[in-house]
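Structure at a glance
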Amino acid sequence: MADKKAGCSCGDIWKDLPPELRPKLKKPSLTRETTCPNCGKVFYTNRKTDYCFDCEKKLGLPPELPA
Ligand SMILES: [Zn+2]
């Protein structure tokens, strides 16, 4: 009866596409130490932006888009 797979498939929107058509995902496996240009906070991030979460909110920066 139940032929639907259990579990969330949110991350599988590309599963039907051949690899060359899938968006390239960078593995954010490495964190780097950076300094927030706004408040000077030194923190570790695996994101491209140097702004810390607080300043990102404060400055109303757009959310980081996947590459
Ligand atoms: Zn900051």
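One structure accompanies this document, and this report is about it. Nothing here was measured: the structure is a model prediction, and the numbers come from that model.

**Describing the pairing of strand β2 (residues 42–45)**
Sheet topology note: the strand β1 (residues 32–35)/β2 ladder contains four bridges and is antiparallel. Within β2, the residue paired with Arg32 across the bridge is Thr45. Between β1 and β2, which pair antiparallel one after the other, the connecting turn spans six residues, and Gly40 there sits at a positive phi close to 80°.

**Re the environment of Cys55**
In this fold, Cys55 is placed in helix α1 (residues 53–58). With 14 residues separating them along the chain, Cys55 and Lys41 place their C-alpha atoms 9.8 Å apart. When near neighbours in sequence (up to four residues on either side) are disregarded, Cys55 contacts Cys36, Asn38 and Cys39.

Reading the values: rules and limits
Residues numbered from 1 in each chain as written. Predicted model: local features only at pLDDT ≥ 70, side-chain atom pairs only at ≥ 80, totals over all residues. Pairing = 2+ DSSP bridges. Helix = DSSP H or I, 4+ residues; strand = E, 2+ residues; numbered from the N terminus. Contact = placed C-beta atoms within 7 Å.

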